[in-house]
Amino acid sequence: KQWYQRRVRGLVRFLLRYYPPGIILEYEQSSQVRTKTIDLLDLTEKTNVFELVGQMMESEPLITPNKTDQVAKLLLKLQSKLCQPDKHKYMHYKTLRTHVLPVTNVSFNKSGSRFISGSYDRTCKVWDTHKATELHVLDGHKNVVYAVAFNNPFGDKIVTGSFDRTAKLWSTETGKCYHTFKGHTAEIVCVAFNPSSTLVATGSMDTMGKIWDVESGSEMATLQGHTSEIISIQFSNLGDKVVTGSFDNSVNVWDVETGQKIISLLGHRGEISNAVISYDDSMIASGSMDKSCKIWDSRSGSCVETLYGHTDEVLDISFDHRGRQLLSVSADTTARVFDVSSLKCLSTFVGHDREISKGTFNPSGKRVATASSDSTVRVWDIASSNCLQVLEGHTDEVFSCQFNYSGDMLISGSKDNTCRLWRDVNAERLAAA
C-alpha cells in the first residue's frame, strides 16, 4: 500500500456512475491521468453509507481519511438517485421513415444523443435523436445489414454485420468506413465491441465466431467449436472472455487472447435464442426454444438453475444493469422477470396478443419494455406486474426496443420500415417551455 501511494501522486476527482451504480476514481500516476472503478452493485436504500465508506477506505488506498466526507456525500447522492420512484410516462415524439425496406435492429449510443438503424435495404443509418434527423448513411454492404452496435460508452465507432458475410467498422462522426472484416463464409448475425473498444467480435451462420482488431482491422482469432449457427455473441465486462449462443443447443465461453474454448454449457434441449453474461461476469444466462432459461456459473460452467414457466419458445433474455434480475420474453405472448439470487419469478407480464420478440430493462431496473408481433410496445412495472403503457402506432411487427441511458426516451423498430421515438412527457413539457 505504501509503495502504491508513492507511485500515485494523487486523486484528481471522483465521478458518479448511476447505472450500474459505482464511483470512478480519476487519479494521476506516472504523469498520466488514469481511472479506477469501484462497483457498488449492492447499494440500496437500506445501505449504511458511512459503514460502506469505511470499507472502501480499507480496501482502496486512493480514498484517504481527508476524502471520506466527500465520498460519503457522493454515495448519499447516488443512493438518493437509485431510490427515486420511476415516474416516466412516454408519449410519441417522432416517427422516422428510416429505410425503404424493413428495419432489422436499432441501438442508442450511451447518452442517447445518437441512434443507429440497420435494414434489409443494405444500409445502416446514423440519426440525431433529439432533432430526429439523418446524419449519415453507412452504405457499402451488398446484402441485409442485420446486426448493428455502438462502441459504448465511447460511441465514436459503429460496427455492422451483414448477410454479405462481412462486417464493417465506421466512424460515428464522419460516416467513414475504417475497415471491412472479411473471413466468414455465411451471414453475420451478431456483433459486439469489447469494453475498451479495441476488439470486435462477430458471430455467423457458418458456425464460427471471429475476433478482430479495431486499430488494424486484422483477424485476431477464430472461435471454432459450435456445430450450428452462432446467433449471439458478447464480451465479458473484463473483456477477457467471449460468450456465444448457438442453434446447436449450447453456449460456449472462449478465451479472448487465445481464441480457445474454455467451457461448453450443455443442457438445453432446443436451439439457443440468446446468451448473456452478467455485469460482474459471475453468471451467464441462456434462453432456448425448449421453453426454458438457464442460469450458469460462468467459472465452473455448472447450471445453477433452470427457470420454467413459459409455455412456448423463449425468444430473448436480458440482465438488468446490475445483473440482479433476468428478463425473458416468449412466443407464448408473456414476459417474466426472475430474481437471480433467489431464482424466483418476481413478475409475469400478460397483455400482448402475439409473440414477444424483444425485451429490455430500463436503467433503474424497475421497469421493462417489450416489443411484440402485435405491433405494440408495452411498458411494465416489475413490482406490481402491471402494464403501465401500451405504445401504439406501428403498423407491423415490432422486433426491437431500447431505453436510453437516462431512461427518459425509448426507441422502437418495426417491420413497417419505421423507427418511433417515445419521449417522457416531462421532457416534452420542458422542451415546449
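Notes on the structure in this doc start here. Since the model is a prediction, treat every value here as computed from it, not as a measurement. Each chain carries its own residue numbering, running from 1 in the written order of its sequence. A pLDDT threshold of at least 70 governs which residues receive local features in this predicted model, and a stricter bar of 80 or more applies before side-chain atom pairs are shown or counted, although totals over entire chains, interfaces and linings include all residues. Heavy atoms from the whole structure form the basis of all side-chain values; hydrogens and water molecules are not counted.

Here we look at the overall build of the protein
Here is the rule: Helix and strand definitions here come from DSSP, where helices need a minimum of 4 consecutive H or I residues and strands a minimum of 2 consecutive E residues; each element is numbered from the N-terminal end. In this setup the radius of gyration rests on C-alpha atoms only. A globule is expected at 2.2 Å times the number of residues raised to 0.38. Any residue under 20% of the maximum accessible area for its type is buried, any over 50% is exposed, and the rest in between are partly exposed; the area is computed with a 1.4 Å probe on protein chains only. It only takes one pair of heavy atoms within 4.5 Å for two residues to be counted as in contact. The convention is simple: Lys and Arg are positive, Asp and Glu are negative, and His and the chain ends are not counted. To locate a charge, take NZ of a lysine, CZ of an arginine, CG of an aspartate or CD of a glutamate.
Across its full length, the protein carries four helices and 35 strands. Over its C-alpha trace the protein gives a radius of gyration of 22 Å, about what one expects of a compact globule, namely 22 Å for 433 residues. Once the C-alpha set of the protein is aligned to its principal axes, its extents read approximately 60 × 50 × 45 Å. Out of the 433 residues belonging to the protein, those deemed buried represent 56%. Taking the intrachain contacts of the protein between residues at least 6 apart in sequence as the baseline, contacts between residues at least 24 apart amount to 43%. One finds the centroid of the 48 positive side-chain charges in the protein at a distance of 5 Å from the centroid of its 50 negative side-chain charges.

As for a nonpolar patch on the surface
As a reminder of what qualifies: Any residue with relative accessible area above 30% and no salt bridge may belong to a patch, with like charges joined within 9 Å and the nonpolar Val, Leu, Ile, Met, Phe, Trp and Tyr side chains within 5 Å. All accessible areas in this document rest on Shrake-Rupley with a 1.4 Å probe, and a residue is counted as covered only by the protein chains that are shown. What makes a salt bridge here is a side-chain nitrogen of Lys or Arg within 4 Å of a carboxyl oxygen of Asp or Glu, nothing more.
Judged by side-chain polarity, Val100, Leu101, Tyr120 and Tyr146 come together as a nonpolar surface patch covering roughly 380 Å² of accessible area. By the secondary structure assignment, leucine 101 is in the loop between β4 (90-96) and β5 (103-108).

Considering helix α2 (residues 49-59)
We apply this condition: The arc in question is the one traced by the directions running from the helix axis out to the C-beta atoms.
The complete set of buried residues in α2 reads Val49, Leu52, Val53 and Met56. Seen along its axis, α2 keeps its buried residues to an arc of 105 degrees; they face one direction. Exposed positions of α2 whose direction lies more than 90 degrees from the buried face are Phe50, Glu51 and Glu58. Looking at the packing, one finds that the buried side of α2 touches β2 (22-29), β3 (32-39) and α3 (68-83).

Section: the packing of α2 against α3
Each pair of packed helices gets described by two things: the angle between the helix axes and the distance between those axes. Keep this limit in mind: Axis geometry follows a simple rule: fit a line to the C-alpha atoms, using only the stretch in contact for helices, then measure angles between N-to-C directions, giving values from 0 to 180 degrees. Any angle from 65 to 115 degrees is called roughly perpendicular, while one under 35 is roughly parallel, one over 145 is roughly antiparallel, and all others are oblique. Note on convention: near helix rotated counterclockwise from far helix by under a right angle means a left-handed crossing. Clockwise means right-handed. When residues are sorted by character, Ala, Val, Leu, Ile, Met, Phe, Trp, Tyr, Cys and Pro go into the nonpolar class, Asp, Glu, Lys and Arg into the charged class, and all the rest, Gly among them, into the polar class.
Where α2 meets α3, the closest approach of the two axes is 9 Å, and the angle between their N-to-C directions is 125 degrees. In terms of orientation, α2 and α3 fall into the oblique class. You can see that α2 and α3 cross each other, and the crossing is right-handed. Across from Val49, Phe50, Leu52, Val53, Met56 and Met57 in α2, the residues of α3 making contact are Thr68, Val71, Ala72, Leu75, Leu76 and Gln79. Grouping the amino acids of the contact of α2 with α3 by side-chain chemistry returns ten nonpolar, two polar and no charged.

Brief notes about the pattern of salt bridges
This model, assessed by the stated rule, comprises twelve salt bridges. Across the pair arginine 324 and aspartate 42 runs a salt bridge whose closest N-O atoms are separated by 2.8 Å. Separated by 282 residues along the polypeptide, arginine 324 in the loop between β25 (314-319) and β26 (325-330) and aspartate 42 in the loop between β3 and α2 bring together distant segments of the chain. Salt bridges sharing common partners tie together Asp42, Asp280 and Arg324.

Regarding the sheet that holds strand β18 (residues 241-246)
The following threshold applies: Strand pairing is assigned whenever DSSP detects at least two bridges linking the two strands.
With antiparallel pairing, the four strands of this open sheet are ordered in space as β17-β18-β19-β20. Lying at the two open borders of the sheet, with one neighbouring strand each, are β17 (230-235) and β20 (261-265). Mean inter-strand twist for the sheet, computed between neighbouring axes without regard to direction, equals 20 degrees. Strand direction decides the pairing type here: β18 and strand β19 (residues 251-255), joined by five bridges, are antiparallel. Residue glycine 245 lies in a different strand from β19, and its bridge partner there is valine 251.

Section: the side chain of aspartate 248
So the rule is basically this: We define a polar contact as two N or O atoms separated by no more than 3.5 Å, with the added condition that, inside protein, one atom must be a possible hydrogen donor and the other a possible acceptor, whereas residues neighbouring each other in sequence contribute only through side-chain atom pairs.
Residue position: aspartate 248 is located in the loop between β18 and β19. Engagement of the side chain of aspartate 248 in a polar contact is seen with the backbone nitrogen of threonine 227, the distance being 3.0 Å. The contact partners of aspartate 248, leaving out residues within four places of it in the chain, are His226, Thr227 and Ser228.

Topic: the layout of surface pockets
Note the threshold: Cavity means a closed set of points on a 1 Å grid over the protein atoms alone, one where a 1.4 Å probe fits but cannot get out, pocket means an open set with protein on both sides within 12 Å along at least 5 of 7 lines, and lining means a residue has an atom within 4 Å of a point. Grid points are joined across faces, edges and corners, and a volume is the space filled by probe spheres set on the points.
Taken as a whole, the second largest pocket holds about 680 Å³ of empty space. Looking at the second largest pocket, it is lined by 32 residues, and the ones nearest its centre are Leu82, Arg322, Ser364, Gly365 and Lys366. Per-element accounting of the lining of the second largest pocket gives the leading share, three residues, to α3. Grouping the amino acids of the lining of the second largest pocket by side-chain chemistry returns ten nonpolar, twelve polar and ten charged.

Considerations on the pairing of strand β11 (residues 166-171)
Across the six residues of β11, six count as buried, placing the element largely inside the fold. Burial along β11 is two-sided: the residues Thr166, Lys168 and Trp170 and Ala167, Leu169 and Ser171 are all buried. By the bridge criterion, five bridges tie strand β10 (residues 157-162) to β11 in an arrangement that is antiparallel. Bridge pairing in β11 places isoleucine 158 opposite tryptophan 170. Taking the residues that link successive antiparallel strands as the turn, the β10-β11 hairpin has three residues, and the phi of arginine 165 there is positive, at about 80 degrees. Bridge analysis of β11 against strand β12 (residues 177-182) gives five bridges, and the strand direction is antiparallel. Of the residues in β12, the one forming a bridge with leucine 169 is histidine 179. Between β11 and β12, which pair antiparallel in sequence order, lie five residues; one of them, glycine 175, sits at a positive phi of approximately 80 degrees.

Overview of the sheet that holds β4
The strand order β4-β35-β34-β33 describes an open sheet built from four strands, whose pairing is antiparallel. Where the open sheet ends on each side, the last strands, each with one partner, are β4 and β33 (398-403). Strand-to-strand twist across the sheet, computed as the mean angle between neighbouring axes with direction ignored, equals 20 degrees. Bridge count for β33 against strand β34 (residues 409-414) is five bridges, and the pairing is antiparallel. Within β34, the position partnered with phenylalanine 403 by the bridge is leucine 410.

What is shown is where atoms sit, not what they do.
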